[in-house]
Amino acid sequence: MGEAADAAKKFKGTFDTLHSLIYFVPEAERHLTAAGLRPGRMTYFASRSAPLGAVGAGVVTATFYNFNPEVVERHIPRAWTCATPEAVLEARLNAVDEAYRRLLGDEVLQGGEVAEAAELAREAAGGCRPEGRALYAGHASLAWPGKPHLVLWHALTLLREHRGDAHVAALLVHGLTGLDALVTHVASGAGFTPEMAKRTRGWSEEQWDAAVNRLNRQGVIGPDGDLTDKGAELRERVEAATNAASEEPWTHLGEEKSTRLAELCRPLSRAVVNAGAFPRNL
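Residues numbered from 1 in each chain as written. Predicted model: local features only at pLDDT ≥ 70, side-chain atom pairs only at ≥ 80, totals over all residues. Heavy atoms only, no water.

1. Description of empty space enclosed by the protein
Thought 1: Considering all chains together, one arrives at one cavity of 30 Å³ or more under this definition.
Thought 2: Of the volumes computed, that of the largest cavity is approximately 30 Å³.
Thought 3: What lines the largest cavity is simply F11, L159, H162, R163, S246, P249 and W250.
Thought 4: Among the secondary structure elements, those contributing two or more residues to the lining of the largest cavity are α12 (148-173) and α17 (248-253).
Thought 5: With three residues, the single largest contributor to the lining of the largest cavity is α12.
Thought 6: A per-class count over the lining of the largest cavity returns four nonpolar, two polar and one charged. (1 Å grid on protein atoms, 1.4 Å probe; cavity = no way out; pocket = protein on both sides within 12 Å on 5 of 7 lines; lining within 4 Å. Points joined across faces, edges and corners; volume = space filled by probe spheres on them. Helix = DSSP H or I, 4+ residues; strand = E, 2+ residues; numbered from the N terminus. Nonpolar A, V, L, I, M, F, W, Y, C, P; charged D, E, K, R; others polar.)

Written as structure tokens, this is what we have:
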């Protein structure tokens, strides 16, 4: 299944933007605060964890993995006194609907290619397994939406959380804490900037520098702040393990359909990026 393996490796560039735009578009905060949440980080923590129910900060920290626990504790479980998980999920889906319409336009969303992509993505998601994948399992318990573009978003969300849960397992096996994972990801040059990482994940300068110094002593990060050969090899092993644990839905979909889904989603992903779905300073 060469194409299936390739789809697993290239998930971020080909498919993930169509899911992850919900964490950046203004429609998300507007709908989620209208449901009762406070603006800012609470909307992210609550909307992504809502499929798990009204869980505590420990569960969110464990499953999200690379956020400062102190920051999570400021918003969870307080979020559930502001809005129920059900209200949050409804608001999030409404935000996706509105954002997709703004970024892609009704003509594209009502076209046959979006419907085809939705059908293929849903079929791929049918190959996911829940064992050891808490965030995926929570999302998989939700009812499927009716509109094709929302089916596409939900299916890609399932695939994304399925892969994310596998990535957490790979990080654990390779001895990287949540902060270590974030620091090495940024140092690889494949992630966002250190400033954005610290700001969005809630780590202080002191905490970040302590992690960098520890990883430097371990020979993972060099004096210049980049990954050493040892660090690069470590990240490669983490990514290889993540990819290997993420191939099942693509194997289930099959080579021809996996290729077709990528062909359908690539222009949609480019379109939402070009339409400004993401901040430029990531």
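Back to the write-up after that little detour.
2. What to know about the layout of surface pockets
Thought 1: Counted as a void, the second largest pocket has a volume near 170 Å³.
Thought 2: Around the second largest pocket, the lining residues are L89, E90, R92, L93, L142, A143, W144, P145, W153 and H154.
Thought 3: Broken down by secondary-structure element, the contributors of at least two residues to the lining of the second largest pocket are α8 (85-104) and α12.
Thought 4: When residues of the lining of the second largest pocket are assigned to their parent elements, the largest contribution, four residues, is made by α8.
Thought 5: In terms of residue class, the lining of the second largest pocket is built from seven nonpolar, one polar and two charged.

3. Points about the side chain of D97
Thought 1: Inspection of the secondary structure assignment puts D97 in helix α8.
Thought 2: Owing to a relative accessible area of 13%, D97 belongs among the buried residues under this scheme.
Thought 3: Side-chain polar atoms of D97 contact the side chain of K147, separated by 3.1 Å.
Thought 4: With sequence-adjacent residues up to four places away left out, D97 is seen in contact with K147, H149 and L150. (Buried < 20%, exposed > 50% of the residue type's maximum accessible area, 1.4 Å probe, protein only. Polar contact = N/O pair within 3.5 Å; in protein donor to acceptor, adjacent residues only side chain to side chain. Contact = heavy atoms within 4.5 Å.)

4. Digging into the packing of aromatic side chains
Thought 1: In this structure the tally under the stated criterion is nine aromatic pairs.
Thought 2: Ring centres 5.4 Å apart and planes at 35 degrees place the aromatic pair Y44 and F67 in the tilted group. Linking Y44 in helix α4 (residues 41-49) with F67 in the loop between α5 (57-64) and α6 (69-75), this pair joins segments that are 23 residues apart in sequence.
Thought 3: Residue class for Y44 comes out buried when judged on its relative accessible area of 18%.
Thought 4: Under the relative-accessibility criterion, F67 is labelled buried at 4%. (Phe/Tyr/Trp six-rings, centres within 6.5 Å; stacked < 30°, edge-to-face > 60°.)

5. Let's talk about the state of the cysteines
Thought 1: All chains considered together, the criterion is met by zero disulfides.
Thought 2: C128 carries a free sulfur, and the closest cysteine sulfur to it, the one in C265, is 14 Å from it. (Disulfide = S-S within 2.5 Å.)

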